[in-house]
Amino acid sequence: MTSALKQNQKHRLTKSSTAFTPISPVKLAFGAILSLFLISSCSDPSAVGIELAPGNNEIGVFFEEFELPAEMVLLDSFNTTNQNRLVVGEEVDPFFGKTSATGYSRMSIKADATRPELDAILDSIYFTVNVLNISGADLDEPKHFSIHRLTEPIQDTLYYNFDELSYGENPISTGEIVFGEETDTLANFQVDEEFAEEIFSKLQLGAEFNDLFSFRDYFPGIAVKGKEDENSSIIIGLGTSTAIKLYYRNDESDTVSTLYTISTESSRNFNGIKSDRSGTPTEAITEYQKSYDVGPLVGMKSGLGMVIKLDTSPFDAFLDTLSGVIFNQVALEVGEIEDPIEGMVPTPYFTAFFTDPSNHFLENTNGNYYTVQADGRPQVIADSESNTNEPEVQYPAQFSYNSDNKLYGQSIASYVNAISRGDLVRKDWILYGGYISNKRRQGDNSDPFAYSLSQMIVDKSKIKVKVIYSRSR
């Protein structure tokens, strides 16, 4: 591809609309073919066992692979509002350092719910916690968590992963969980006795439970924390199962207790993340949206908003040497990744978002983000007004993790064909461990990168494009 042609294409990165369709990972058969690729540049097919009769080879089949240089970026404005999942815990590793996650949420009452009578007897009170997932080391040992009462309200605004709120030093509820082989559970935490007496008294007599606004003036919400040095994190599902549950009897003759629930259902929430990267390769990353070369390894960390940026200019160098070719199979392969700590869950997949030197996601006028599209899907669409092509946004490619070979991969032949034809302008990529379609959807509950601490680390030399192509003689 000539530099003049690339200059003429720069105006084409314009506008469209979107919807998300999950895409399956690289097929095993395709992986088997890719395993035959040579580390060296273009080679004769017979070198990998494809034999063609001399003089009759009208079609040449070639194999090549090349690396994509990688750096790291810390995203700014990483919205974690209303994921309806709290990420809670403390994780430590030599690459990312210490990451601390605190989940914040309001709580809700039903104003028309029956309240205990003045002489009612409190039988028991628990804080039930719906644990959806656990990631961590030594899961056969107890993991401790605490729930604190907020001392300032959660406002009707957007909250980001670097935000935090003040809360009481002494927890209102604590609990420990031994997970073992189980990764989800419904746990009952003990409630502080003094708080139990206070809230039951308010429930009986106080105006604090007359309506939701009065209740939130009295009880702004909760902050949920993990214990330092336990190297684990949990994802808590919000709703009726994560709640304060008070069991009481109106008189001693009652044989069955009545339940009053103060839940996290329909309650504003967000996740706040603190990061101490001193003494690690990522210590150098201090500014948002800036690219950093941190050495031979790169990685991504959910919740923290740490991502990988790929320089895709090697596509130009590769395509400039070719003409009249057909790309039969092309894949981006990342890994094998560094061994995760036993019990830690790697990032399940990533999406390749188009970016530029500003390291922001590129978008159209509707705010829809451009991504590499799934193989076999159109990479561009025709603009009916200008008769030019613009990037498609409806079918983002999903680069999924294969735990058997510790690789992420996906076919990108359609993308490379669009680049080689001049239909699509090549842009650098940000590898993001989840998917958001546009700015207006940031903060919804569909983005796993905003509600976990999952991570992956890989040697930069193991980020490669592998190609099988053919051309006529």
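Our subject is the structure that appears above.
Calculation rules
Residues numbered from 1 in each chain as written. Predicted model: local features only at pLDDT ≥ 70, side-chain atom pairs only at ≥ 80, totals over all residues. Heavy atoms only, no water. Phe/Tyr/Trp six-rings, centres within 6.5 Å; stacked < 30°, edge-to-face > 60°. Helix = DSSP H or I, 4+ residues; strand = E, 2+ residues; numbered from the N terminus. Buried < 20%, exposed > 50% of the residue type's maximum accessible area, 1.4 Å probe, protein only. Lys NZ or Arg CZ within 6 Å of the ring centre and 35° of its normal. Salt bridge = Lys/Arg side-chain N within 4 Å of Asp/Glu carboxyl O.

Visitor: Would you mind going over the packing of aromatic side chains with me for this structure?
Guide: Aromatic rings in a pair are described by how distant their centres are and how their planes are angled relative to each other. Tallied over the entire structure, the rule returns 35 aromatic pairs. Relative to Tyr-469, the ring of Phe-327 lies with its centre 6.2 Å away and its plane at 55 degrees, an arrangement referred to as tilted. Residue Phe-327 is located in strand S17 (residues 325-335), and its partner Tyr-469 is located in strand S25 (residues 463-472); the two are separated by 142 residues in the primary sequence. Judged by relative accessible area, Phe-327 falls into the buried class, the value being 4%. Considering the side-chain rings of Tyr-432 and Phe-449, the 4.6 Å spacing of their centres and the 55 degrees angle between planes classify their relative orientation as tilted. Residue Tyr-432 is found in strand S23 (residues 428-432), and its partner Phe-449 is found in the loop between S23 and strand S24 (455-459); the two are separated by 17 residues along the sequence. Judged by relative accessible area, Tyr-432 falls into the buried class, the value being 1%. The aromatic ring of Tyr-395 is capped on one face by Arg-377, whose charged end is 4.0 Å from the ring centroid.

Visitor: I tried to follow the pattern of salt bridges on my own but got confused; where do I start?
Guide: By the definition in use, this model includes 16 salt bridges. Among the salt bridges present, the one from Glu-91 reaches Lys-301, with a minimum N-O distance of 2.7 Å. Of the two residues, Glu-91 sits in strand S3 (residues 85-93) while Lys-301 sits in strand S15 (residues 297-301), which places them 210 residues apart along the sequence. A single burial state applies to Glu-91 and to Lys-301, both of which are buried. Here Lys-460 makes a salt bridge to Asp-293, at a shortest N to O gap of 3.0 Å. With Lys-460 in the loop between S24 and S25 and Asp-293 in the loop between strand S14 (291-292) and S15, the pair connects residues that are 167 residues apart, well separated along the chain. In this structure Asp-293 comes out as exposed when scored by relative accessible area, which is 52%. Taken together, the shared-partner salt bridges in this structure form one network comprising Glu-65, Glu-333, Lys-464 and Lys-466.

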